[in-house]
Amino acid sequence: MLYDMKYMLTHNQMHLLYQNHISNFMYQNETICEDNMKVFFEVLKRQDVFVFGTGYSEIICQYFYKKLIVNGIRSYMVNGLEFDTIYNRFHHTIGSVLLISKSGLTPYIVNIAESAKKKDIPVISFTGNMKNSLKELSDIPFVIENGLYHDYDNSEYSPFFGYSIILFENLLISLKDQPENKVSEQVPSFWGGSADLS
C-alpha cells in the first residue's frame with residue numbers, strides 16, 4: 001500500500017514536471033495535433049509495428065520498441081535489414097513502420113520510408129526538422145525541431161532524443177486514455193483526462 005502511494009505520487013509529480021517544463025514545446029508544435037494523434041492511434045491498432053533507427057537514433061528505437069511491447073503492441077526492431085527482405089517475409093503482418101532520424105536524411109531510413117510508401121504501409125516518423133526527406137515521406141510525422149541541421153555526428157547538445165522519448169511516452173498515455181482502453185486505476189494525464197496504470 002505504501003509503495004503504491006509512493007508510486008502514484010511520483011507518477012503525478014512526473015506529469016506536473018512535464019506540464020511545467022515541456023507543455024510549450026508540445027502545444028506549439030504543429031505536428032503534435034489531434035489529427036496526427038488520432039491517425040497514430042488508429043495505425044498502432046493495426047497489425048505489427050516495425051521500428052527502425054541508426055546511430056544515436058537506434059537507442060531511441062530500442063526504447064520505443066520495448067515500450068510498445070510492454071503496452072501490448074506487437075513490434076519488431078529490425079535495424080540493419082533491408083526493408084524488402086522484411087516485407088517479403090512479413091508482408092501479411094506489417095501494419096506500419098516507425099522511423100527515427102534526427103536529420104531525416106539518413107539514406108537507410110529514407111529508403112525504408114520510400115519502400116513502405118510504395119507498398120501502402122503507413123510511415124510514422126520522429127525527426128528533427130520540418131524540411132527533410134523523411135518528414136515529406138511520412139503519413140504521421142512528429143517533428144522535434146532542434147536547429148542543428150549540420151550536426152551529423154551528434155557532437156552538439158540536442159533536445160531531439162530526450163524530447164522524442166517524452167513525446168512518445170505522452171502519446172502512449174494518450175493512447176491509454178482512449179475510451180476502449182480505459183480500465184479502472186486512473187491518474188491525471190499530460191494531455192488532460194486520465195491515464196490507465198493497469
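Check the entry above for the structure.
What you are looking at is a predicted structure, and each value in this text was computed from that prediction instead of being measured.

## Details of the overall build of the protein chain
In terms of regular secondary structure, the protein chain is built from seven helices and seven strands. Of the regular secondary structure in the protein chain, the N- to C-terminal order runs α-α-β-α-β-α-β-α-β-α-β-α-β-β. When each of the 198 residues of the protein chain is scored for burial, the buried share is 48%.

## Concerning the sheet that holds strand E2 (residues 75–77)
Read from one edge of the open sheet, five strands run E2-E1-E3-E4-E5, paired in parallel fashion. This sheet does not close on itself; its edge strands, each paired only once, are E2 and strand E5 (140–143). Shown here is a sheet whose adjacent strand axes are inclined to one another by a mean of 15 degrees, direction ignored. Bridge count between strand E3 (residues 94–101) and strand E4 (residues 123–127): five bridges; the pairing is parallel. Paired with Ile 100 across the two strands is Phe 126, which belongs to E4. Helix H7 (residues 160–176) contacts E3, E4 and E5 of the sheet and is inclined by roughly 140 degrees relative to E4.

## With respect to helix H3 (residues 56–70)
In this model H3 runs 22 Å from its N-terminal to its C-terminal C-alpha over 15 residues, within 8% of the 21 Å that 1.5 Å per residue would give. Positive backbone phi, approximately 80 degrees, marks Gly 72, located one or two places after H3.

## Quick notes on the pattern of salt bridges
Two side chains of opposite charge can pair, provided their charged atoms sit close to one another. Taken as a whole and judged by the stated rule, the model has five salt bridges. Between Asp 48 and Arg 74 there is a salt bridge, with the nearest N and O atoms lying 2.7 Å from each other. Taken together, the residues span a long stretch of sequence, with Asp 48 in strand E1 (residues 48–53) and Arg 74 in the loop between H3 and E2 at a distance of 26 residues. Exposure remark for Asp 48: the relative accessible area of 2% places this residue in the buried category. Its salt-bridge partner being Asp 84, residue Lys 119 comes within 3.1 Å of it at the nearest N-O pair. Of this pair, Lys 119 sits in the loop between helix H5 (107–118) and E4 while Asp 84 sits in helix H4 (residues 83–90), and the two are 35 residues apart along the sequence.

Criteria and cut-off values
- Residues numbered from 1 in each chain as written.
- Predicted model: local features only at pLDDT ≥ 70, side-chain atom pairs only at ≥ 80, totals over all residues.
- Heavy atoms only, no water.
- Helix = DSSP H or I, 4+ residues; strand = E, 2+ residues; numbered from the N terminus.
- Buried < 20%, exposed > 50% of the residue type's maximum accessible area, 1.4 Å probe, protein only.
- Pairing = 2+ DSSP bridges.
- Axes fitted to C-alpha atoms, helices over the stretch in contact; angles between N-to-C directions.
- Contact = heavy atoms within 4.5 Å.
- Expected span 1.5 Å × (residues − 1).
- Salt bridge = Lys/Arg side-chain N within 4 Å of Asp/Glu carboxyl O.

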